[in-house]
Amino acid sequence: MRRSVSIAGLAAALVLGTVGFGTGQTSRVANAQEKMSMMEVKIDNFTFGPATLTVSVGTTVTWINKDDIPHTVVSTDDPKTFKSKVLDTDEKFSFTFSKAGTYPYFCSIHPKMTGKVIVQ
Amino acid sequence: MSEKKKDELLNDHNHDGVDRRGFLKCMAWAGTGAFCVMKGGVLNSYSLSRLSEISTPDMMGELSFVQISDSHMGFNKPANPDVAGTLKAAVDKINALSRAPEFMLHTGDISHLSKPEEFDTVDQILKSATPKDVFYVPGEHDVLNDDGKQFMERYGKGGKGAGWYSFEKKGVHFIGLVNVMNLKAGGLGTLGHDQLEWLEDDVKHLKHSTPIVVFAHIPLWSVYPQWGWGTDDSAQALAYLKKFGSVTVLNGHIHQTMQKVEGSVTFHTAASTAFPQPAPGKADSPGPMKVPAEQLKSVLGITDVNYKQGKQALAVVDSSLA
């Protein structure tokens, strides 16, 4: 009697667990997708971090300057896909990538600082 | 006593023209407040404290000017929360020079964020300096957001292209160059084709004996390319100046004094009046370097330059704000 209850219990738990897991997985995927639509690049110590960022089409990338010196975010193509105004410490710049491609960019004040966004 | 010995040692050397090692040795003392003056082909050094002992005609050139740089008006982070105060201290230092400079050169990064009020503040502070004429070249911080339009309107009238120009004082030919425009990703400072063409034409008809002073923001020699401390196409510019017997290149941008002699060309960078930066490679990045508050003035400075007609080399002396 106990065994069957426990088996039933186990089965029930498994079913519930699976259902629960399924729901959880769906919401986790949804959260992950939301997260993917907003990505951040941190500017600090004359570096873009991460230097190469891969995102999906439709993602908004936000650069935030955590350095104690101003920087800019300027794409290297011509005409420029994106070009921020000068960002002092804690200032941000956002751009939504609506087309797939590779977008190299740099800081126009300190041109040795380079980065890349790959949009897939 | 040891200073006297050093002077004797230099005087004993046989110099015909600039002796590279002797000049470098001399320039290395400049940071501690020494004078290096060329007299009849011989380098003499004097410490600033002995200045009163030395006769004025001997020491003082006929042309005297001051270089300041990197005032970064608007900067307010821990490395220096009061850049207006330290600029005022620089003006006090200039006004205290025994021979009043005739004019000033500002080698750029006048402002920190190219804001009108930042330029206004610098103009205001410099009004109380004895030398009333100031010649500017822009730093990368002066041409933000508007491709340098504001800088041109304020300081670049009469300049060509992005604001390069030349002028003459007492037979010395001064050339202001702009190497902070149209910077390319991964690159260094750049002069560009139009400016180089203008430079070639500008110096074409000058006598080889004309002393040349070139001033630009980013160093025109390769100080530390990894940090962008150099100019992509400066070799071309220097080629146009090869024929001259005396070329002095004055730069800023690196916020520390540095000297290099290459043949008849003396390269020199000035300290900032705002904040210091680390020596090449001595930190992760070339950002503002924090020092204890009581040490700040000792790592900021001005540069005093003297020229005596008939002599070739200019005497370049750095002094800190301490």
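Residues numbered from 1 in each chain as written. Chains lettered and ligands numbered in written order. Predicted model: local features only at pLDDT ≥ 70, side-chain atom pairs only at ≥ 80, totals over all residues.

**Topic: the overall build of chain A**
At step 1: If you tally the helices and strands in chain A, you get one helix and eight strands.
At step 2: Along the chain direction, N to C, the helices and strands of chain A fall in the order α-β-β-β-β-β-β-β-β.
At step 3: Taken across its 120 residues, chain A has 26% of its residues classed as buried.
At step 4: Excluding contacts between residues fewer than 6 apart, the proportion of contacts in chain A whose partners are at least 24 apart in sequence is 46%. (Helix = DSSP H or I, 4+ residues; strand = E, 2+ residues; numbered from the N terminus. Buried ≥ 20, exposed ≤ 12 C-beta atoms within 10 Å, placed from the backbone. Contact = placed C-beta atoms within 7 Å.)

**Points about the overall build of chain B**
At step 1: For chain B, the count of helices and strands is eight helices and 13 strands.
At step 2: Taking all 322 residues of chain B together, the buried fraction comes to 47%.
At step 3: For chain B, long-range pairs separated by at least 24 residues make up 68% of all intrachain contacts whose partners lie at least 6 apart in sequence.

**Digging into the interface of chain A and chain B**
As a measure of interface size, the accessible area lost when the parts come together is often cited.
At step 1: Each partner contributes residues to the interface: chain A has 18 residues there, and chain B has 17 residues.
At step 2: Tallied by class, residues from the side of chain A that touches chain B come to eight nonpolar, five polar and five charged. (Nonpolar A, V, L, I, M, F, W, Y, C, P; charged D, E, K, R; others polar.)

**Looking at the environment of B:Ala162**
Residue and element names in this part refer to chain B.
At step 1: Looking at the element boundaries, Ala-162 is found in the loop between α6 (149-155) and β6 (165-169).
At step 2: With 23 C-beta atoms packed within 10 Å, Ala-162 lands in the buried category.
At step 3: Distance from Ala-162 to Met-152, taken between C-alpha atoms, is 7.3 Å for residues ten residues apart in sequence.
At step 4: Residue contacts for Ala-162: discarding those within four places in its chain leaves Gly-148, Val-178 and Met-181.

**Some points on the nonpolar core**
Residue and element names in this part refer to chain B.
At step 1: Leu-177, Val-213, Val-214 and Ala-216 are the most contacted members of the largest nonpolar core, which totals 84 residues.
At step 2: Ala-216 has contacts with Thr-107, Val-137, Leu-177, Val-178, Asn-179 and Asn-251, leaving out every residue within four places of it along the chain.
At step 3: Counting residues in each nonpolar core, the second largest holds five residues, with Val-223, Trp-227, Trp-229 and Ile-254 among its members. (Core = buried A, V, L, I, M, F, W, Y, C linked by C-beta atoms within 7 Å.)

**Describing the sheet that holds strand β3 (residues 63-68) of chain B**
Each strand in a sheet pairs with its neighbour through backbone hydrogen bonds, running either in the same direction (parallel) or in the opposite one (antiparallel).
Residue and element names in this part refer to chain B.
At step 1: Strand order across the open sheet formed by five strands is β5-β4-β3-β12-β13, with mixed pairing between neighbours. One side of each edge strand has no neighbouring strand; the edge strands of this open sheet are β5 (133-136) and β13 (315-320). Neighbour-to-neighbour, the strand axes of the sheet open up by a mean angle of 25 degrees, direction not taken into account.
At step 2: Sheet topology note: the β3/strand β4 (residues 103-106) ladder contains four bridges and is parallel. What sits directly across from Gln-67, in β4, is Leu-105.
At step 3: In the packing of helix α4 (residues 83-95) onto the sheet, the strands contacted are β3, β12 (301-307) and β13, and the crossing angle to β12 comes to about 30 degrees. (Pairing = 2+ DSSP bridges. Axes fitted to C-alpha atoms, helices over the stretch in contact; angles between N-to-C directions.)

**Things to note about the pairing of strand β11 (residues 265-269) of chain B**
Residue and element names in this part refer to chain B.
At step 1: β11 sits mainly inside the fold: five of its five residues count as buried.
At step 2: Covered by surrounding structure in β11 are Val-265, Phe-267 and Thr-269 together with Thr-266 and His-268, the residues of both alternating faces.
At step 3: Bridging between strand β9 (residues 247-251) and β11 involves five bridges; their strand directions are parallel. For Asn-251, the partnering residue across the bridge sits in β11 and is Thr-269.
At step 4: Of the pairings in the sheet, the one linking strand β10 (residues 258-262) to β11 comprises five bridges and is antiparallel in character. In the sheet register, Val-261 faces β11, and the bridge partner there is Thr-266.
At step 5: Connecting β10 to the next strand, β11, in antiparallel fashion are two residues, including Gly-263 with a positive phi near 65 degrees.

**A short note on the pairing of β9(B)**
Walk down a regular strand and you will see the side chains alternate between the two sheet faces.
Residue and element names in this part refer to chain B.
At step 1: Counting buried positions over the five residues of β9 gives five, a clear majority of the element.
At step 2: Of the two faces of β9, the one holding Val-247, Val-249 and Asn-251 and the one holding Thr-248 and Leu-250 are both buried throughout.
At step 3: Sheet topology places strand β8 (residues 212-215) next to β9; four bridges connect them, and they run parallel. By the bridge assignment, Ile-212 is partnered in β9 with Val-247.
At step 4: Running through helix α8 (residues 234-240), the crossover from β8 to the neighbouring parallel element β9 is right-handed. (Right-handed = clockwise from strand over helix to strand, strands pointing away.)

**Re the sheet that holds strand β7 (residues 101-106) of chain A**
Residues and elements named next belong to chain A.
At step 1: A sheet is described by the order of its strands in space; here four strands give the open sequence β3-β8-β7-β5, paired in mixed fashion. In the strand order of this sheet, the two ends are held by β3 (52-55) and β5 (74-75), each with one partner.
At step 2: The pairing of β3 with strand β8 (residues 114-119) spans four bridges and is classified as parallel. The residue bridging Val-55 from the neighbouring strand is Val-119, located in β8.

**Observations regarding α4(B)**
At step 1: Taking 1.5 Å as the rise per residue, α4(B) with 13 residues should run 18 Å; its terminal C-alpha atoms sit 18 Å apart, in good agreement.
At step 2: Contacts made by the buried residues of α4(B) are with β3, α5 (116-126), β12 and β13 of chain B. (Expected span 1.5 Å × (residues − 1).)

**As for the confidence of the model for chain A**
At step 1: Confidence in the prediction of chain A, expressed as mean pLDDT, is 83, and 70% of residues score 70 or more.
At step 2: Across residues 17-24 of chain A the pLDDT falls below 50, and counting only partners more than four positions away or on other chains, this stretch makes zero contacts in the model. (pLDDT = per-residue confidence, 0-100.)

**Side note on the environment of B:Gly74**
All names here are of chain B.
At step 1: You can see Gly-74 is positioned in the loop between β3 and α4.
At step 2: Counting along the chain gives 48 residues from Gly-74 to Val-122, while the straight-line C-alpha distance between them is 9.9 Å.
At step 3: Not counting residues within four places of it along the chain, the set of residues in contact with Gly-74 comprises Ser-111, His-112, Leu-113, Lys-115 and Glu-118.

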